[in-house]
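Close look at the chain arrangement
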Amino acid sequence: MILTHGTTQYEVERLVAKAATYRVYICKDHATGEQHLLQIASETKYNGSLDRAAFVLKEFKQTSDLLEAEYAKDNPDNQLNYDRLFPEVVDSFVSNEQSNRRINILSLKDVGAITNMVPLSNLTERDKLRVDLPTSAWIMGRLLKLLGFAHSQGIAVRTLLGKNVLIEPDNHFTVVFDWTSAHTYQQDVPREACQDDIVHAAKAVFTAIGGNPDTLDFPYDLDDRRYVELLERFARGKESNAEEAHVIFYLLVDEVFGRGFRPSKMLPL
């Protein structure tokens, strides 16, 4: 199917995800061949949710670019890469062809093939796999980095579930996809909302390592339980500042696992 907006045509390829308020398809820019994700409201009454998500993501991209430019002045060989952690809005419009439903066209920075991205929840629910602890560390680390960034902009995620966390294991990419339920605060994000985001992130990762997110039981033998215990601490709501949690997290991760790139590893449940 070809979907047209202005002078741009999008080839809609296949459905990859659905929720109560939207559907997600892989699509391709007809002129450039570039692959994107097309998020469309399931009904017009949900147009506002997609409009909210587009607004938040555009604000994130603008802030990310400003921070990147400032950081580059003193660190010309490094990047912050906040914009790897959330989608970029390529286009957002209400489509007459699709019964006046809102559509967001989204891209993922530096991801070569969108089909390589998988929801974190798929590993345990569909593939019956768990990630090993060092692999889970880069996922949790990136989620805390994103939360610190989002909370500093007055935004709470509120949907940090495993199905909303996309990962690309080979290159250690992590993206929080859905921002339709995000809440914008005029001032600081309330402590409870920050705490809830950290709890949900930790529970998503705890599930991915084979733990029980409700009881926080981890059924596998370990010589050193400090890392799992830190995830448990976050999942119990003992931390409400994502930036501080990020620092605490990597102090322990560097001590337990060491620094450097480790190939992702999956284990049977």
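Along every chain, residues carry numbers that run from 1 in the direction the sequence is written. Predicted model: local features are reported for residues with pLDDT of at least 70 only, side-chain atom pairs are reported and counted for 80 or more only, and whole-chain, interface and lining totals are derived from all residues. In computing side-chain values, all of the structure's heavy atoms are included and hydrogens and water are not.

Here we look at the sheet that holds strand β4 (residues 35-41)
- A pair of strands is considered paired only if DSSP assigns at least 2 bridges between the two. Helix numbering and strand numbering both begin at the N terminus, where a helix is a DSSP run of H or I of at least 4 residues and a strand a DSSP run of E of at least 2. Here six strands make up an open sheet; going across it, the order is β1-β2-β3-β4-β6-β5 and the pairing antiparallel. The two strands at the open ends of the sheet, each matched to only one other strand, are β1 (2-5) and β5 (88-95). Pairwise comparison of adjacent strand axes, ignoring direction, gives a mean angle of 35° for this sheet.
- Bridge count between β4 and strand β6 (residues 101-107): four bridges; the pairing is antiparallel. Interaxial angle, 0 to 180 degrees, is taken between N-to-C directions of lines fitted to C-alpha atoms, where a helix line uses only the stretch in contact.

With respect to helix α4 (residues 191-208)
- Each helix should span, by expectation, one fewer than its residue count multiplied by 1.5 Å. The terminal C-alpha atoms of α4, which comprises 18 residues, lie 26 Å apart, in line with the 26 Å expected from a rise of 1.5 Å per residue.
- Accessible area is worked out with a 1.4 Å probe on protein chains only. A residue is then buried under 20% of its type maximum, exposed over 50%, and partly exposed in between. When α4 is considered as a whole, its buried residues turn out to be Ala193, Cys194, Gln195, Asp197, Ile198, Val199, Ala201, Ala202, Ala204, Val205, Phe206 and Ala208.
- Here, two residues are considered to be in contact whenever any of their heavy atoms come within 4.5 Å of each other. Contact partners of the buried residues in α4: α2 (120-125), β8 (129-131), α3 (133-152), β9 (155-156), α5 (226-235) and α6 (242-257).
- One or two steps after α4, the chain reaches Gly210, where phi turns positive at roughly 100°.

A few points about the pattern of salt bridges
- We define a salt bridge as a contact between a side-chain nitrogen of Lys or Arg and a carboxyl oxygen of Asp or Glu at a distance within 4 Å. This model, assessed by the stated rule, comprises eleven salt bridges.
- With a shortest N-O distance of 3.2 Å, Lys61 and Asp65 are connected by a salt bridge. Of this pair, Lys61 and Asp65 both sit in helix α1 (residues 47-74), four residues apart, roughly one helical turn.
- The salt bridge partner of Arg84 is Asp110, with a shortest N-O separation of 2.8 Å. In this pair, Arg84 sits in the loop between α1 and β5 while Asp110 sits in the loop between β6 and β7 (118-119), placing the two residues 26 residues apart along the sequence.

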